[in-house]
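# Observations on the three-dimensional arrangement
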Protein chains: 2
Amino acid sequence: MISKNQLKLLRALGQKKQRKALGLFLVQGEKNVLELASSTLTVKHVFATADFLEQNQTTLERFECIEASLDDLTKASTLVSNNAAIAVVEIPTFAAPQAQGMMIALDGVQDPGNLGTIIRVADWYGIKHIVASQDCADPYNPKTISATMGSFGRVQVHQLDLPSYLEQANLPVYGAFLEGESVHKTEFAAEGILLMGSESHGIRSQAAAFVTDKITIPAFGGAESLNVAMATGIILDNMRRQHS
Amino acid sequence: MISKNQLKLLRALGQKKQRKALGLFLVQGEKNVLELASSTLTVKHVFATADFLEQNQTTLERFECIEASLDDLTKASTLVSNNAAIAVVEIPTFAAPQAQGMMIALDGVQDPGNLGTIIRVADWYGIKHIVASQDCADPYNPKTISATMGSFGRVQVHQLDLPSYLEQANLPVYGAFLEGESVHKTEFAAEGILLMGSESHGIRSQAAAFVTDKITIPAFGGAESLNVAMATGIILDNMRRQHS
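Note that this is a predicted model, so its numbers are computed, not measured. Within each chain, residue numbers correspond to sequence positions counted from 1 in written order. Each chain gets a letter, beginning with A, and each ligand a number, beginning with 1, in the order they are written. In keeping with the predicted nature of the model, local features appear solely for residues at pLDDT of at least 70, side-chain atom pairs appear and are counted solely at 80 or more, and the whole-chain, interface and lining totals rest on all residues. The side-chain values count all of the structure's non-hydrogen atoms but skip hydrogen atoms and water molecules.

Here the focus is the side chain of His184 of chain B. With respect to the element layout, His184 of chain B can be found in the loop between strand S8 (173-182) and strand S9 (192-197). Between N or O atoms, a polar contact is any pair within 3.5 Å; within protein, one atom must be a potential hydrogen donor and the other a potential acceptor, and residues adjacent in sequence are included only when both atoms are from side chains. A polar side-chain atom of His184 of chain B sits 2.8 Å from a polar atom in the side chain of Asp237 of chain A. Those residues within four positions of His184 of chain B in sequence are excluded, and the remaining contacts are Asp237, Arg240 and Arg241 of chain A together with Pro218, Phe220 and Asn238 of chain B. Each helix corresponds to a stretch of at least 4 residues labelled H or I by DSSP, and each strand to a stretch of at least 2 residues labelled E; elements are numbered beginning at the N terminus. Throughout, a contact is declared for two residues whenever any of their heavy atoms are within 4.5 Å.

This is the structure in structure tokens:
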């Protein structure tokens, strides 16, 4: 059963301020909760239905599990869809990554769903680190975690002072603009940072100052733009086909 | 002002059954409504704020425009975000397209947002026709239209008996599977159909029977899958780089 205090905690973790104060975040949904077993994250509690706990006994054995009804879980969830499992997890602390390998940098990407989708496609292409400006969506927002479809455990998102980070990074910075070299023709270095801006503001001047290569996805039709997550995926595919 | 009957109509068009019965659909949001001016769609009414109507007088001159307050528009809207403009538009009737050029076929893609994002990326890559199984999301669902970001006017989506269509199409059918030839190595023909299944069921056997080439997006990391819209965009990019 979910106690009143636990319910209060789950509700509180829907808010960024509380996540920050408590150093905890929510992982919701069966697939995402099961991914925790193969991650290095510290899990405080797993609330789940009796069925889910029984079916995944071995996977979940090192976690403190609390049985709850689907009704109670649905009430406690910050997401719309039914939830057979909710975990409370510690927000990991890690130092900003050294600039090496292939990385993604995000400037002002504020939609949590987009950030989650970017984490998922980054994971598909084997990217381990995303650096993000302070005004990007919170990587621990429930909507972000949900959209990662389990990839949150394999990709680290670091919120930091993006221009300073890019300045000290000794790597090519590929900035996605509407007018740049076609990614079909760009010769990508084996290591580099893909810098993406938001759909509304693009890459802002403070970050743009450190772009070494302006790139663009060639258009063949009438659409004026692509969603930022979509564009990130397409460019990563173009980078990886040269350096797998 | 939006009359009671008009409000009733707008509300009704949130439902698929009513859209079908009335042969009408909703286009919401400033960008999408302005796109109507350059489309061949028949617009019945545009409800919009005085500001919006004044700013876009020339663009909207051939439409019957009705002034409404932002409050009334927000109440009438089926979408969450604020809406300065809502148009009521006739659902066009067109015959199933001849199988030619580059096309997309969708098997059981039921999420309206995904369908809209696919329409947008199809438009980016200059694809004019999408054929979709009868159980795909409604192309005229307000969420689909909204996610197209204006591309709904340039890409035609035809719901039809997909296996029969693929059977008579005299084109290569590239089916996206988790185990196929890498799209980085596939030689795509200049004309062909890209067939995508849903994330949960993949391409079902009735449609899979007509696949001539199994293709896959190579994975480099831990994610098990990609969102269907994302995967469509990445594969289209791989097709277009060979045939622009």
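All names here are of chain A. Spatially, S1-S4-S2-S3 is the arrangement adopted by the four strands of the open sheet, whose pairing is mixed. Here the strands that pair on one side only, and so sit at the sheet edges, are strand S1 (24-28) and strand S3 (65-67). The average angle at which neighbouring strand axes cross in this sheet is 20 degrees, direction not considered. Pairing of strand S2 (residues 43-48) with strand S4 (residues 85-90), which is carried by five bridges, proceeds in the antiparallel orientation. Residue pairing for S4: Val43 is matched across the bridge by Val89. Pairing between two strands is assigned when DSSP locates at least 2 bridges connecting them. Where helices are involved, their axes are fitted lines through C-alpha atoms of the stretch in contact, as for all axes, and angles between N-to-C directions lie from 0 to 180°.

Our focus in this paragraph is the nonpolar core. Core analysis: the biggest nonpolar cluster contains 70 residues, and Leu106 of chain A together with Leu106 of chain B have the highest contact counts within it. With residues up to four places along the chain from it excluded, the contact list for Leu106 of chain B reads Leu115, Ile118, Ile130, Val131, Ala132, Ser133, Cys136, Leu162 and Met196 of chain B. Definition used in this section: a nonpolar core is a set of buried Ala, Val, Leu, Ile, Met, Phe, Trp, Tyr and Cys residues joined via side-chain atoms within 4.5 Å. Think of it in three bands: with a 1.4 Å probe and only protein chains considered, a residue is buried below 20% of the maximum accessible area for its type, exposed above 50%, and partly exposed in between.

Moving on to the UniProt feature "domain: tRNA/rRNA methyltransferase SpoU type" (unreviewed entry) in chain A. UniProt positions are given in the numbering used here, feature names are shortened, and annotations may be inferred rather than shown by experiment. What UniProt calls "domain: tRNA/rRNA methyltransferase SpoU type" (unreviewed entry) maps, in this numbering, to residues 102-236 of chain A. In residues 102-236 of chain A, helix accounts for 29% and strand for 27%; the two terminal C-alpha atoms are 9 Å from one another.

Take the interface of chain B and chain A next. Taken together, the contact pairs 34 residues of chain B with 34 residues of chain A. Summing both sides of the interface, chain B and chain A together bury roughly 3,100 Å²; the carbon and sulfur share of this comes to 60%. Any carboxyl oxygen of Asp or Glu within 4 Å of a side-chain nitrogen of Lys or Arg constitutes a salt bridge here. Across the chain B-chain A interface, the total number found is four salt bridges. One salt bridge connects Glu224 of chain B with Lys31 of chain A, and the closest N-O pair in it is separated by 3.3 Å. Summed over the shared surface of chain B and chain A, the result is 24 residue pairs in polar contact (both at pLDDT 80 or more). Sorting the residues of the side of chain B that touches chain A by element identifies helix H3 (30-35), helix H6 (112-124) and helix H10 (228-240) of chain B as the ones contributing at least two each. Here the element with the most residues in the side of chain B that touches chain A is H10 of chain B; it accounts for seven residues. Tallied by class, the residues present in the side of chain B that touches chain A amount to 13 nonpolar, 11 polar and 10 charged. Summed over both partners, the accessible surface that disappears when two parts come together, traced with a 1.4 Å probe, is what is meant by buried area. Classes in brief: Ala, Val, Leu, Ile, Met, Phe, Trp, Tyr, Cys and Pro nonpolar; Asp, Glu, Lys and Arg charged; the others, Gly included, polar.

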